[in-house]
Amino acid sequence: PAPPPTLPGAASREADPPHTAWPTPGRPDPGQRYSPLTAIDRRNVGRLALAWYLDLDTARGQEATPLLIDGVLYFSTAWSKVYAVDARTGRTRWRFDPRIPRRIQAQVCCDVVNRGVAAWQDRIFVGALDGRLIALDAATGRELWSVATTPPDAPYSITGAPRVIGNKVVIGNSGADLGVRGYVSAYEAATGKLAWRFYTVPGNPAEGFENDAMNMAAATWSGEWWRFGGGGTVWDAMAYDPQLDLLYIGVGNGSPWNHRIRSQGRGDNLFLSSIVALRPQTGEYVWHFQTTPGETWDYTATQHIVLADLVIAGRTRRVLMQAPKNGFFYVLDRATGEFISGRNYVPVNWATGLDPRTGRPLEVPAARYRHRPFVVTPGPSGGHNWYPMSFDPVRGLVFIPVQEMPSVYGDDRRFAPQPRGWNTGTDPLPLDVPDDAATRTLLDTPPRGALLAWDPRAQQPAWRVEHPGVANGGTLATAGGLVFQGTSDGRFNAFASDSGERLWSYEVQDAILGGPITYELDGEQYVAALAGLGGTTALVSGYLFADQPRAPNGRLLVFKLDGEASLPPTPAPTRRAPPDVSQVRVRGNVLTGIRRYNQYCIMCHGRGAQSGPLMPDLRHSEAILEADAFGAIVLEGRLEAAGMAGFADVLSRADAEAIRAYLVWEAGNLAAERRRRGE
């Protein structure tokens, strides 16, 4: 048997890993996703071609950044599965399946995805969707230990990658949209024993606060916020500075989103939408910076964090950079959290700018939608979501996958917290949206995405490349003068880092969403990425991707100069007619059905019941024709083995009939539209 791979004893401390290694998602720990390799450059990138590919066993979303250590690629896929693959040939060395119960996707906010693994000594770590942190033997994939990091009776999940710092494995979780209290935990890498836990929002004061930081945070909350969970999950961004020995975590949105409900409309609600610095060996609080005080729009600060040294005003500053959902790009002093500069990187209408001294947003009061709905940009998908950005330290540019997707926010006056389903506190059917020119323009503009090169010192764009759609992939910068990015239209691209000129593009038959990597073996440079459409936008707004190319399963794709492999043809899409609902009679109320659908169904089956290519389109389901068949699925869980859990604990039979009424109505609308178009 092959000898086990030699993994770095403290991968996160490698300031400059060898060209043959990519030991952490950001490569070295500053999270720059930059490679010094130059064998593939602007002159020869046109010769880049497929070296090999590996078909995966799932068609669900792929969001991981692979690791490359000692000639082996380690990566996670949907459903928290883990692969170890020979980086030269694509041969699978081992595969681990944590056997996630399929019913759990009913309590997952944002698809069954996973963003990667971590490595330490002879071990690989993965955070599983059901809340487990699992240690695997790197040579065999055998499970060494497993620990439950979340309580079993609450809608927590894990989609982010763990981080290893010294001998600690750090992991966060998801679930703020569903009503949980956020925290981040550290475990001993050798044993799985809990080392520390840092909560990101305060709990019930009657039970006491865990530390001084929670006592400080509690002063910024009002009412009985703990009844709603509070939110603030650490579901993605982390970075580590070995010189300062600081761990930086990005904190998510409030639960519910609506600040009026969550905290009586009062207070900044620390540490929601914040970057928090901690001591990685103890979890001790050091400093914080809040990007969106009193968060009320799902403006997470969980987006990618990049550390760098920049010359600003004539002196070198150790900085932290982030482009969170709220549309502003921040440069902070990473030793103190001091605000250095900030500016909007996409159009923003909820604030007019940032206070130049503190970085606090200068809010537009009406944007808080307390008295009337407001069309806000960016919407809850953010100006930049989880898709990783990269930084070229030579050219001084950050490459950001940006998007513009406005959204209507309205105050839900009938809100009541639900044990399952989305707890946003926003009205899904606001009837009094302003009818002015600015609002009409926002509502009439289709969503769009772009690759943005941002100068963090000047706080201005260097160039921008428009893409056909939103939900475009993470970026990789190289010393060869290139920026690699996948797009949701099924292409993998290389752009000139100084101008944005597209120098190479390859049809990969699916969306590349996560971060690509590049590595060198036997004197050859390779570029690798995972392909597979998924995630929140692809589920909730699936109609945007209905006409995109789509392979039957996810893939790992590896490219090199003059590669000779090729992909099989993409199967032709099938077009089904909706069932005839003209004679169907339902007793449910359509408006009630829309509300229940948006609480419990939209996260998988899409806005307007238009699910796109990932999930069954319920407008085409024969089950909507008959109440008993529909109830058996929705209430009793007849299709639980396929991932459709029953909702009898939160939905009544009348609720199910209301949802069916809504789906029948949507199916009728679809049939009428097709008749109008002569289809």
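Our subject is the structure that appears above.
Predicted, not measured: the structure shown is a model, and the values here were computed from it. (Residues numbered from 1 in each chain as written. Predicted model: local features only at pLDDT ≥ 70, side-chain atom pairs only at ≥ 80, totals over all residues. Heavy atoms only, no water.)

## Quick word on the overall build of the chain
- Looking only at helices and strands, the chain has eight helices and 39 strands in total.
- Its C-alpha atoms give the chain a radius of gyration of 24 Å, near enough to 26 Å, the size a compact globule of 679 residues would have.
- With the C-alpha coordinates of the chain rotated into their principal frame, the extents come out at 70 × 60 × 50 Å.
- Residue pairs in contact within the chain that sit at least 24 positions apart in sequence constitute 63% of those at least 6 positions apart.
- For the chain, the accessible surface area stands at approximately 24,500 Å², while carbon and sulfur atoms represent 49% of it.
- Between the centroid of the 68 positive side chains of the chain and the centroid of its 69 negative side chains there is a distance of 2 Å. (Helix = DSSP H or I, 4+ residues; strand = E, 2+ residues; numbered from the N terminus. Rg over C-alpha atoms; globule rule 2.2 N^0.38 Å. Contact = heavy atoms within 4.5 Å. Areas by Shrake-Rupley, 256 points an atom, 1.4 Å probe, with all protein chains shown as cover. Lys, Arg positive; Asp, Glu negative; His and termini not counted. Charge placed at Lys NZ, Arg CZ, Asp CG, Glu CD.)

## Some details on the layout of surface pockets
- Volume-wise, the second largest pocket comes out at about 980 Å³.
- If you go around the second largest pocket, you meet 30 residues; those closest to its centre are Ala 546, Pro 573, Thr 574, Gly 612 and Pro 613.
- A class-by-class count of the residues in the lining of the second largest pocket yields 14 nonpolar, eight polar and eight charged. (1 Å grid on protein atoms, 1.4 Å probe; cavity = no way out; pocket = protein on both sides within 12 Å on 5 of 7 lines; lining within 4 Å. Points joined across faces, edges and corners; volume = space filled by probe spheres on them. Nonpolar A, V, L, I, M, F, W, Y, C, P; charged D, E, K, R; others polar.)

## Section: the state of the cysteines
- In the structure shown here, the tally under the stated rule is one disulfide.
- Between the sulfur of Cys 109 and that of Cys 110 lies a disulfide, 1.8 Å long from S to S.
- Not engaged in a disulfide, the cysteine Cys 601 finds its nearest cysteine sulfur in Cys 604; these two sulfurs lie 8.9 Å apart.
- Relative accessible area serves as the criterion here: at 13%, Cys 601 is assigned to the buried category.
- The buried category is assigned to Cys 604, whose relative accessible area is 12%. (Disulfide = S-S within 2.5 Å. Buried < 20%, exposed > 50% of the residue type's maximum accessible area, 1.4 Å probe, protein only.)

## Observations regarding the nonpolar core
- With 48 residues, the main nonpolar core has Tyr 248, Trp 287, Trp 297, Ile 305, Leu 320, Leu 332 and Trp 350 as its most contacted residues.
- Here this core takes three residues from strand 23 (residues 328-333), the largest share from any one element.
- Dropping the residues within four chain positions of it, Leu 332 is found in contact with Ile 275, Trp 287, Phe 289, Arg 318, Val 319, Leu 320, Gly 337, Glu 338, Phe 339 and Ile 340.
- Tyr 506, Ile 517, Ala 528 and Val 558 belong to the second-largest nonpolar core, a separate cluster that totals 39 residues. (Core = buried A, V, L, I, M, F, W, Y, C linked by side-chain atoms within 4.5 Å.)

## So, empty space enclosed by the protein
- This structure, assessed with the given rule, holds four cavities of 30 Å³ or more.
- Reported here for the largest cavity is a volume of approximately 360 Å³.
- Forming the boundary of the largest cavity are 32 residues, of which Pro 25, Gly 26, Arg 33, Arg 163 and Met 238 lie nearest the centre.
- Counting residues per element, the ones that place at least two in the lining of the largest cavity are strand 7 (118-120), strand 11 (163-165) and strand 16 (238-241).
- Of the residues in the lining of the largest cavity, the class split is 20 nonpolar, six polar and six charged.

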